[in-house]
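# Tertiary structure, described
Each chain, letter by letter, is given below.
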Amino acid sequence: MKSFRRNARTVFIVALALFALLGGYFVYALNTYGMRWQTNPYNVRVQSQKNSVIAGDIKDRNGAILVTSDDEGNRVYADSKTLRKALAHVTGDNFGLTGTGAESFFANYLLGMDAGLFEIIGNTFSGAKQRGSDVVLTVDAELTKYAYGLLSDYSGGAIVLMNYKTGEILLMTSAPSFDPTTADEYLPDKDGNVKEDDGALVNRATAGKYTPGSVFKIVTAAAAIRYIPNAMELDIECGGPLAFDQETGAFLEQVKTTPEQDKENRTNPDFVPEYLYLRDYQSSYHDTLTLKQAFAKSCNVSFARLSLLLGGDKINSMARAFGIGEEFTFSDVALYTSSYQKGSNPYETAWSAVGQHKDVMTPLNLCMISASIANEGVMMEPKLMKRGVNSANYITHALQTNAYSSPLSSLEAQTMRELMEAVVENGTGTAAAISGYTVGGKTGTAQTGKEEDDAWFTGYVYDDDHPYAIAVIIEEGGSGGKVAAPIARKVLKKAIELG
Amino acid sequence: MKKGKTGGLMSLIIIFELSAFGLLAFRDGAVDTNAFIAAGILFLVLAGSYALLTAAFKHLDGFLLVIVYTLLAVGMVVQYRINPDIAFKQLLSIAIGVAAMAFIMIFLRKLERINNTKLCTIVMVGSVLFLALPLAIGSEQGGAKNWIDLGFFSLQPGELIKITLIYALAVYLSERTKLKKLIPVGVFVLLLMVLLIAEKDLGAALIYAGVIIAMYYAATGNVWVTVAGIGAGAGAAVISYELFSHVRVRVAAWRNPWASYYDGGYQIAQGLMAIASGGLFGLGLNLGTPKVIPAYHTDYIFAVICEEMGIIVGLCVIALYVLFLVRGMSISMGSADRFSALIALGCTVYIALQAFVILGGILKLIPLTGVTLPFVSYGGSSVLTGLVAVALLQVVAAQNGRRREGETGF
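Read on for an overview of the structure. What you are looking at is a predicted structure, and each value in this text was computed from that prediction instead of being measured. (Residues numbered from 1 in each chain as written. Chains lettered and ligands numbered in written order. Predicted model: local features only at pLDDT ≥ 70, side-chain atom pairs only at ≥ 80, totals over all residues.)

## Comments concerning the overall build of chain A
Convention followed: Segments assigned H or I by DSSP are reported as helices when at least four residues long, segments assigned E as strands when at least two residues long, and all are numbered from the N terminus. Both definitions apply: the radius of gyration is a C-alpha atom measure, and the globule rule equals 2.2 Å times residues to the power 0.38. For every residue, the other C-beta atoms within 10 Å of its own C-beta are counted; 20 or more classify it as buried, 12 or fewer as exposed, and values in between as partly exposed. C-beta atoms are placed from the backbone. In this description, any two residues whose backbone-derived C-beta atoms lie within 7 Å of each other are considered to be in contact.
Of the regular secondary structure elements, chain A holds 17 helices and 19 strands. Here the C-alpha atoms of chain A give a radius of gyration of 26 Å, agreeing with the 23 Å that 2.2 N^0.38 yields for 499 residues. Taking the principal axes of the C-alpha coordinates as reference, chain A spans close to 85 × 80 × 55 Å. Within chain A, the fraction of its 499 residues that count as buried is 52%. Sequence-distant contacts in chain A: of pairs separated by 6 or more residues, those separated by 24 or more amount to 68%.

In structure tokens:
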């Protein structure tokens, strides 16, 4: 019986461990996902609450009313159509089509589900129609409208601007957009026909998975600073395209091609390449560059060489530190996962180190990366809700800033700032410079196989009174430095003007 | 166990039960006298049997009984809230189950009396035939063909066979540990598993497998065979994933119920929304919308409890199963003979594992397989089997008590 008791104890411990896992997971899952489950558009309880409660207002950070309810409880959106469209993805719609807008995401406040027990009991007895809480967002309506106007010349894109010290999102806009007052045209009509999906319902700032191109060099550069001793003193050779074995993708150090030869080869229709090449995007080559120069000029060959020195695993761990590959569960924003894949051989690793291959990035994630560099290496959790105020004028929810992670040490962040500020000072991003302010950034021109390249800019204004980080993506806009950087400049300048 | 120790706890449950039914009686404006009738009968069955059993059995494990009665009472409240007709049927099952429990406790004073191979052989053959019955004359419910419809009530052999499985394993494992000697019972469990998979009753198959492995390991302590058994189970799971489309649908729904909302994920998503909507203290009894969740009164009753009574009560329900596990295992380890100890261990693992499988499935910790939440879910076979397991545990507890009394010379 002795051995039986010993074995039975093992069985007992395993069973107890299973229940500990169950209870722990129960609490964890509800803490992490509970709000999303509750405010899910499929939840009939939210729908039925809508019929019995007058939903609260949605306001911008300055108190401007973006959405309100009329006496019958119908939702009324801002008068300006441009403003409605500029903010559509942030406010959401009343039909639950944009499951991540404030209308759905903060439904528990708007519909008064945050009300206290006594309030509910009081309302039940008095028979009064309950009014939900007002939700004050962190966004600035005027800034959003301005930025959306800048996107209208292009087929699509997104702009995000956040306060890098607090994580408050001041601007998030995505084009093409839709008008929330007529969003029901996206619902199936009575014959069951659905309007053709033009992608307008997607918030590209959070759900757009774009090829990052050269903006990814921020990650590779940070990995170099962390893992290569004296990285700033390195002389990186970039005299011509790099050759890789066609079968194995191995780097062939001894195969040298001069830029002139390469140009000739490429114009010669009969030329059959023996190797795989990694070329510079604008075919600009140099003898040797420092890391700072290579970053400012956005030299592909230099960064490919860095990837050979680093290896994909170190770049991957830097990417992970910046939140790439992470499934975010923020309380205010549903952010899709960015990803980095080191590839299976040095050739693929080299391309992925310059933001091509299979890398994808969401604009908000990129904005958070720039924000963390400006914020001494600390990444703040993005926030969209500033306050919840109930019908009795009592604040039921107040923004609490949250340092999400620390991807860089403050020394590493300082070095990264030096690199990014050189880009704006004398590199590819000079069009983003604002006189009187220290601006840092990185341009990107991502090759996606579409007719025109996607234009990127991400950066920040290093300023205690205006601590803003930004990410701009212009779909098929062309060059990042020529198209995205000037837009970033205009938006940052407007944000500074507005305070 | 001294009397009176658990009496206070029992009164608390009665107060909970009566006040909950009181609330339900006034829910539609007019007074619902049926609610009082249901509450009265439940009171008589639970409090009456508690009083009788504590009086008749000096060594009754009062805690175990109170834990089970709490779960039964919570279940009944939710059943009545959802559908009074169903609640009365459940009440009948509880009454029959409690009577069966008392009957077993009274007439089976010494468990050792049923420890014989001849009886075991008859039981094993009978069990296989009984479990095969649904395949021949059964009806399909929820994708699984594991019911026999007897007109006035339907029966789920897969439930009741859990007891005979535990019995057969205990008979063999109490005296033999060599694999060769275990062949008859090995063939028996293999046949049972094949039948369950043929009936697509994967939830039951999972619980059978867990009980078999736990009892085998406790009896032999043979790590290698146990690990091989777990490996074979995992292999069977992978094969069934490849083989059966309904298993693949389940796994896809588990991984992302929102993405497969209209294609298998609906139930899990509805359950999660219900639980999250309830919040810490629940929406209040009768104030939720539980009927949008499929199987709300059977497999998914836990989601209804969380929606209306809150996460707090949900955690309490989980804690009750942990307490059941603690009591059950202490009864098993306090036993002097291997046969009784194995029976007690098997019964405890069966209840605890079944609770874990359905709670884990609802909470999206593991893929969902439809099994009932013991003592809480609606279902006559489930309630009866659970109470028979409790009866066997009580018989072992009484044996232990008598033995300890003899040892210390009371």
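## A few points about helix H9 (residues 223-243) of chain B
Stated precisely, the cut-off is as follows: By this rule, a helix spans an expected 1.5 Å times one less than how many residues it contains.
With 21 residues, H9(B) should reach 30 Å at 1.5 Å per residue; the first-to-last C-alpha distance of 30 Å fits that figure. The buried count for H9(B) comes to zero of 21 residues, which makes it a mostly uncovered element.

## Some words on the sheet that holds strand E3 (residues 65-69) of chain A
Residue and element names in this part refer to chain A. To keep things clear, this is the line we draw: At least two DSSP bridges between two strands are required for those strands to pair.
Reading across from one edge, E4-E3-E2-E6-E14-E15 is the order of the six strands in this open sheet, with mixed pairing throughout. Whereas interior strands pair on both sides, the edge strands pair on one side only; in this sheet they are strand E4 (75-77) and strand E15 (395-398). Bridge count for strand E2 (residues 58-59) against E3 is two bridges, and the pairing is antiparallel. Across the sheet, residue Lys-59 finds its bridge partner in E3, namely Ile-65.

## Notes on the interface of chain B and chain A
So the rule is basically this: Residues are grouped as follows: Ala, Val, Leu, Ile, Met, Phe, Trp, Tyr, Cys and Pro are nonpolar; Asp, Glu, Lys and Arg are charged; every other residue, Gly included, is polar.
The interface is formed by 33 residues belonging to chain B together with 27 residues belonging to chain A. Within the residue set of the side of chain B that touches chain A, elements represented by two or more residues are helix H8 (202-220), helix H11 (261-278), helix H12 (301-333) and helix H13 (338-362) of chain B. Counting residues per element, the side of chain B that touches chain A draws most heavily on H12(B), at nine residues. When grouped by side-chain class, the residues that make up the side of chain B that touches chain A number 27 nonpolar, five polar and one charged.

## Thoughts on helix H17 (residues 480-498) of chain A
All names here are of chain A. In a regular helix each residue adds 1.5 Å, so 19 residues correspond to 27 Å; H17 covers 26 Å between its end C-alpha atoms and thus fits that length. For H17, the full list of buried residues reads Gly-480, Gly-481, Val-483, Ala-484, Ala-485, Ile-487, Ala-488, Arg-489, Val-491, Leu-492 and Ala-495. Structurally, H17 contributes buried residues whose contacts are with helix H7 (141-151), strand E7 (157-163), strand E8 (169-175), strand E17 (439-446), strand E18 (454-461) and strand E19 (468-474).

## A look at the nonpolar core
Convention followed: The nonpolar core is taken to be a set of buried Ala, Val, Leu, Ile, Met, Phe, Trp, Tyr and Cys residues joined by way of C-beta atoms within 7 Å.
By size, the foremost hydrophobic cluster in this structure holds 142 residues, and its most contacted members are Val160(A), Ile470(A) and Val472(A). With sequence-adjacent residues up to four places away left out, Ile470(A) is seen in contact with Val160(A), Leu161(A), Cys367(A), Thr458(A), Gly459(A), Tyr460(A), Ala488(A), Val491(A) and Leu492(A). Counting residues in hydrophobic clusters, the runner-up holds 138 residues, among them Ala205(B), Ala253(B), Ala274(B) and Val376(B).

## Considering the pairing of E19(A)
All names here are of chain A. With seven of seven residues buried, E19 lies mostly within the body of the structure. Across seven bridges, the pairing between E7 and E19 is antiparallel. Paired with Gly-157 across the bridge in E19 is Ile-474. Here E18 runs beside E19; their pairing, made up of seven bridges, is antiparallel. The residue of E19 that forms the bridge with Trp-456 is Ile-473.

Geometry only, nothing functional implied.
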